[in-house]
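# Examining the three-dimensional arrangement
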Amino acid sequence: MSHVEEFLTAEEERDIVNAIVEAEKNTSGEIRVHIESTSKIDHFSRAQQLFHFLKMDNTKEGNGVLLYVAVDDRKFVIYGGEGIDRAVPKGFWDSTKDVIASHFKKRDFKQGIVEGILMAGKELQSHFPWNHDDTNELNDAISKG
């Protein structure tokens, strides 16, 4: 079994998908999680690649958020679309990163990801509130590489 498959149990993955659904209830923002073992390039650049590969840059408002985790590298990146970058202040993701990192240090990966997702949803809500005609533009399932 690969480190990616060992990283989270099936139940933990369901909890994460449920957190995505919950976080997206009050925002038009779209949140995805991608997990892979390692990256051959710097992690920010890899998150950018995946953001495009997962078609997260095709959202109507440019408000997709990718939480990228490289398990063996012990690295993660929160990457937001252009619409988010235009709307939020510098350092917008810092508190979310800190919460995720504190859980990861305790090897509580699921809780770190869940809390990060819920915080991202709450932060997105103020800039991209849910509208009655919003549709879920992206799949909520965890992608793996």
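Shown above is the structure to which this text applies.
For the structure given in this document, a descriptive report is provided here.

Conventions and cut-offs
Residues numbered from 1 in each chain as written. Predicted model: local features only at pLDDT ≥ 70, side-chain atom pairs only at ≥ 80, totals over all residues. Heavy atoms only, no water. Helix = DSSP H or I, 4+ residues; strand = E, 2+ residues; numbered from the N terminus. Rg over C-alpha atoms; globule rule 2.2 N^0.38 Å. Contact = heavy atoms within 4.5 Å. Areas by Shrake-Rupley, 256 points an atom, 1.4 Å probe, with all protein chains shown as cover. Lys, Arg positive; Asp, Glu negative; His and termini not counted. Charge placed at Lys NZ, Arg CZ, Asp CG, Glu CD. Pairing = 2+ DSSP bridges. Salt bridge = Lys/Arg side-chain N within 4 Å of Asp/Glu carboxyl O. Buried < 20%, exposed > 50% of the residue type's maximum accessible area, 1.4 Å probe, protein only. Phe/Tyr/Trp six-rings, centres within 6.5 Å; stacked < 30°, edge-to-face > 60°.

## Some points on the overall build of the protein chain
A count of helical and extended segments in the protein chain gives six helices and four strands. Taken from the N to the C terminus, the helices and strands of the protein chain come in the order α-α-β-α-β-β-α-α-α-β. For the protein chain, whose C-alpha radius of gyration is 14 Å, the value lies close to the compact-globule estimate of 15 Å for 145 residues. Dimensions of the protein chain, computed from C-alpha atoms along their principal axes, come out at roughly 40 × 30 × 25 Å. Contacts spanning at least 24 positions in sequence make up 71% of the contacts within the protein chain whose residues lie at least 6 apart. For the protein chain, the computed accessible surface area is about 7,900 Å², with 49% contributed by carbon and sulfur atoms. One finds the centroid of the 18 positive side-chain charges in the protein chain at a distance of 4 Å from the centroid of its 26 negative side-chain charges.

## As for the sheet that holds strand 2 (residues 64–70)
Here we have four strands laid out as an open sheet, ordered 3-2-1-4, and mixed in their pairing. Each edge of the open sheet is held by one strand with a lone partner, namely strand 3 (75–80) and strand 4 (143–144). Bridge analysis of strand 2 against strand 3 gives six bridges, and the strand direction is antiparallel. Looking at strand 3, one finds that Y68 is bridged to V77.

## Examining the pattern of salt bridges
Taken as a whole, this structure holds six salt bridges when the rule is applied. For the salt bridge of K144 with E13, the shortest nitrogen-to-oxygen distance reads 2.5 Å. Of this pair, K144 sits in strand 4 while E13 sits in helix 2 (residues 10–23), and the two are 131 residues apart along the sequence. As a salt-bridge pair, E82 and R86 come within 3.9 Å of each other at their nearest N and O atoms. Of this pair, E82 and R86 both sit in helix 4 (residues 82–87), four residues apart, roughly one helical turn. Each member of the pair E82 and R86 is classed as exposed. If you follow the salt bridges from partner to partner, you end up with E5, E13 and K144 in one network.

## Let's talk about the packing of aromatic side chains
Scanning the model with the defined rule gives six aromatic pairs in all. Measuring from ring centre to ring centre gives 4.7 Å for F7 and F109, while their planes differ by 35°; the resulting arrangement is tilted. Taken as a pair, F7 in helix 1 (residues 3–7) and F109 in helix 6 (residues 109–127) lie far apart in primary sequence, 102 residues in all. Each of the two residues, F7 as well as F109, counts as buried. An angle of 65° between the planes, with centres 5.3 Å apart, marks the rings of F44 and Y79 as edge-to-face. With F44 in helix 3 (residues 43–53) and Y79 in strand 3, the pair connects residues that are 35 residues apart, well separated along the chain. Under the relative-accessibility criterion, F44 is labelled partly exposed at 44%. Chaining the aromatic ring pairs together yields one cluster made of F7, F76, F104 and F109.

## Quick word on the environment of A101
Within the fold, A101 resides in helix 5 (residues 94–105). Sequence separation between A101 and I113 is 12 residues; the distance between their C-alpha atoms is 9.4 Å.

All quantities given are derived from atomic positions and should not be read as evidence of function.
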